[in-house]
Structures are given as structure tokens and as C-alpha cells.
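# Working through the structure, step by step
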Amino acid sequence: MYGPGGFYRRPEGPAGHFRTSVHASSLFAEAVARLLCRVDAALDRPGALAFVDMAAGRGELVGGVLAALPAEVAARTRAYAVEIADRPEGLDDRIEWLPEPPQQVTGLLFANEWLDNVPVDIAEVDSAGVPRRVLVRQDGAERLGEPVGGAEAEWLARWWPLPAEEGLRAEIGLPRDEAWAAALGSLDRGLAVAVDYAHTLDARPPFGTLTGFRAGRETAPVPDGSCDITAHVALDACAARGTARTPSGARLLSQRDALRALGIAGARPPLALASTQPAAYVRALASAGEAAELTAPGGLGDFGWLLQPVGIPDALVG
Ligand SMILES: C[S@@+](CC[C@H](N)C(=O)[O-])C[C@H]1O[C@@H](n2cnc3c(N)ncnc32)[C@H](O)[C@@H]1O
């Protein structure tokens with residue numbers, strides 16, 4: 001996926017294969033810009049305010065945030081896109097393109113659909129009730145390997161306990177907890193946000209969520225670089241690991257609630273507007289449709305938002 005010629009290095013970028021909230025509507029970037037302004041106020045308006053778009057795709061979110069910021073805030077903003085793929089041509093000069101998060105910055109780090117792409121191992125319970133690592137060939141054929149042990153077994157016991165029932169599966173989120181803690185560690189002060197398909201301890205999916213995407217369709221997760229491979233994120237485990245590092249606490253909420261708190265309501269405009277100002281009515285209707293998509297039950301609205309403040313109060317959303 002990430003190697004030369006791999007899925008994420010292709011010219012079309014992720015947007016050529018699936019639709020994230022960032023692609024769905026500019027309302028999303030506007031909401032993130034509003035959040036950045038709240039972080040800015042909580043930080044007492046620093047001279048250099050960082051916005052870090054973690055796993056930036058082709059820089060769509062960071063570009064949208066810069067465009068939506070009030071001029072005075074934009075002038076103080078240092079915009080970073082952190083991405084494995086190369087910098088796209090023609091990107092706004094104000095955006096710094098980096099392979100790793102910048103260190104010791106002050107501001108907002110925002111990771112939309114990053115953690116679901118951080119690779120995890122998968123455990124499956126065998127006929128004797130023992131969780132074993134799932135091994136996969138390049139053509140997608142699977143078999144069971146060694147029993148899961150050590151830190152991974154501890155992670156399973158704490159975050160995704162597997163009953164001794166053959167065929168049950170768990171995705172061992174340890175590398176995501178570590179990735180999240182490292183990203184958090186790059187912030188001196190501010191707020192880190194991870195947004196993803198997520199589940200929590202009370203409702204883990206019994207057979208896991210591993211799947212592939214290519215050209216807008218769900219497909220078999222074949223590890224040959226031809227498709228995206230993704231699994232939902234145990235965001236509660238990431239939060240706990242992050243809190244060990246930044247004791248200010250963490251909050252998990254749905255995208256629907258997070259975006260509402262950031263002013264994305266999705267209400268239809270009053271019908272009376274249609275006769276008095278038809279153009280404004282049509283614009284407001286289109287915007288309401290986009291807000292509805294971003295907050296839809298069973299869709300993007302069910303995504304999880306993990307908010308983790310570093311050295312500032314948690315009063316940013318809601
Ligand atoms: C699902 S796409 C999301 C892109 C964008 N954030 C959005 O919401 O449209 C995941 C992106 O994460 C990037 N990525 C994965 N692991 C990464 C890492 N460790 N550092 C930087 N980028 C990473 C991939 O190259 C890909 O562009």
C-alpha cells in the first residue's frame with residue numbers, strides 16, 4: 001500500500017477510490033477551521049499556531065482549513081501536511097509537506113481516517129479455543145500461525161477479550177495506540193483529534209472489520225498493493241494510551257455530536273426563503289444536504305471523534 005507504486009502513492013490519491021468527510025463537503029474543513037480558532041483562543045493566540053493535517057491524502061483538508069480561517073488567524077497559522085505519499089503539484093505554498101509530524105508545535109493536530117490504515121495483526125480463535133495470529137499470502141489466502149503472546153496478548157485481554165469460540169476474531173490495536181501516542185507527543189500544547197470508523201469495548205465486532213476498497217467499491221482485502229486495506233479503530237484503547245502521556249484526559253464522541261457542536265446542523269432552510277430569495281434557498285438546501293451526509297446515522301455521522309487536549313482545558317466541543 002505504501003511502497004513504490006503502492007495504492008496510496010498513485011496519482012489519483014485516496015479521493016479516487018473512496019469518499020472521506022473531507023471529500024464529501026467543504027463544510028467539514030470549515031468546522032475544523034472553527035475548532036482551530038477555539039484551540040487558538042485556548043492557547044491565548046500564539047504567534048505561531050500549528051495546524052497539522054496528519055495523513056493528509058493530497059492536502060485537501062489543510063487547504064480547506066486555510067481557506068476557511070479568518071485572515072488574522074490564517075496569518076499566524078503554520079500549516080503542515082504529514083503524508084507518506086509525495087507532495088502533489090500545485091499545492092498552496094503555505095503548506096509544509098512532511099513525512100513525519102513536526103515536533104514541539106503548539107496548535108491542532110487532526111487525523112482524519114489515519115488510524116484505520118495503521119497496520120494491525122489479526123488474531124483468530126482456533127478449534128482448541130486458542131487465539132492465533134492470522135497469516136496471509138499475497139493472494140489473500142489465510143492460515144493460522146503461532147498463538148498470540150506477550151504485549152499483544154495483554155492488549156487483547158484488556159481491550160478485546162476473545163471467548164474460546166472457534167472463528168472469532170480481533171484486530172490487535174497495539175500499533176495504533178503507539179502511533180497515536182507518538183503523534184500526541186509531537187504537540188507541546190494544544191489539541192489532538194482522531195476521526196475514524198471506531199468501536200469501543202462494549203461493542204467489538206465478533207469477527208473483526210478487515211476489508212478492502214478500490215475504485216469506490218468494497219473488495220477483498222488482498223495485500224498486493226492493489227487496494228486500500230482498512231479495519232475500524234479501537235479508539236478507546238488509543239485514548240487510554242494517549243492519556244497515559246497527556247493526563248489532561250480524552251473525550252470520545254460521534255461525528256454527529258462533534259459537528260453539531262461546531263455549528264454543522266443540517267437543518268433545511270425555511271420554505272418561505274424559496275419565494276423571497278430562490279438562489280439563497282438553493283444554496284442553503286445544498287449545504288443542508290451536505291451537512292446531512294456528514295452527520296448521517298449509519299454513515300459518516302457514526303464515525304468516532306477522539307479529542308485529546310495537551311495542556312489546555314477540554315472545553316472545545318460541546
Ligand atoms: C484514508 S486516507 C485519508 C486521507 C485524508 N486524511 C482524508 O481524510 O481524506 C489515509 C492516508 O493516510 C496516509 N498514511 C497512512 N499512514 C501514514 C503515516 N504513518 N504517516 C503519514 N501518512 C500516512 C496514506 O498515505 C493516506 O493518504
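Here we summarise the structure given alongside this text. All figures in this text were calculated on a predicted structure; none of them were measured in a lab. (Residues numbered from 1 in each chain as written. Predicted model: local features only at pLDDT ≥ 70, side-chain atom pairs only at ≥ 80, totals over all residues. Heavy atoms only, no water.)

### Some details on the sheet that holds strand β7 (residues 142–147)
As summarised here, the arrangement of the four strands in space is β7-β6-β5-β8, forming an open sheet in which the pairing is antiparallel. Each having just a single partner strand, β7 and β8 (169–172) make up the two edges of the open sheet. Averaged over neighbouring strand pairs, the angle between their axes works out to 40° when direction is ignored. Two strands pair when backbone bridges link them, and strand β5 (residues 121–125) and β8 are joined in this way by four bridges, in the antiparallel orientation. Bridge pairing in β8 places E124 opposite R169. Of the strands in this sheet, β5, β6 (131–136) and β8 touch helix α5 (residues 150–159), which is tilted by about 120° from β8. (Pairing = 2+ DSSP bridges. Helix = DSSP H or I, 4+ residues; strand = E, 2+ residues; numbered from the N terminus. Axes fitted to C-alpha atoms, helices over the stretch in contact; angles between N-to-C directions. Contact = heavy atoms within 4.5 Å.)

### Looking at the pattern of salt bridges
For the structure on display, the rule yields 17 salt bridges. As a salt-bridge pair, D139 and R137 come within 2.5 Å of each other at their nearest N and O atoms. Overall, the relative accessible area of 51% leaves R137 in the exposed class. Its salt-bridge partner being D302, residue R256 comes within 3.0 Å of it at the nearest N-O pair. On the criterion of sequence distance, the pair formed by R256 in helix α8 (residues 255–261) and D302 in the loop between α10 (278–294) and β16 (304–310) is long-range, its members being 46 residues apart. Look at the salt bridges and you will find they share partners, linking D40, R45, E72 and R76 into a network. (Salt bridge = Lys/Arg side-chain N within 4 Å of Asp/Glu carboxyl O. Buried < 20%, exposed > 50% of the residue type's maximum accessible area, 1.4 Å probe, protein only.)

### Overview of the pairing of strand β11 (residues 211–214)
Where a strand is regular, its side chains alternate between the two sheet faces. Direction of pairing for β11 relative to strand β13 (residues 228–230): antiparallel, over a ladder of three bridges. Each residue of the ladder has a partner; that of T211, found in β13, is T230. As judged from the three bridges shared by β11 and strand β12 (residues 217–219), these two strands associate in the antiparallel manner. If you follow F213 over to β12, its bridge partner there is E218. Between the end of β11 and the start of β12, which pair antiparallel, lie two residues, with A215 showing a positive phi angle near 50°.

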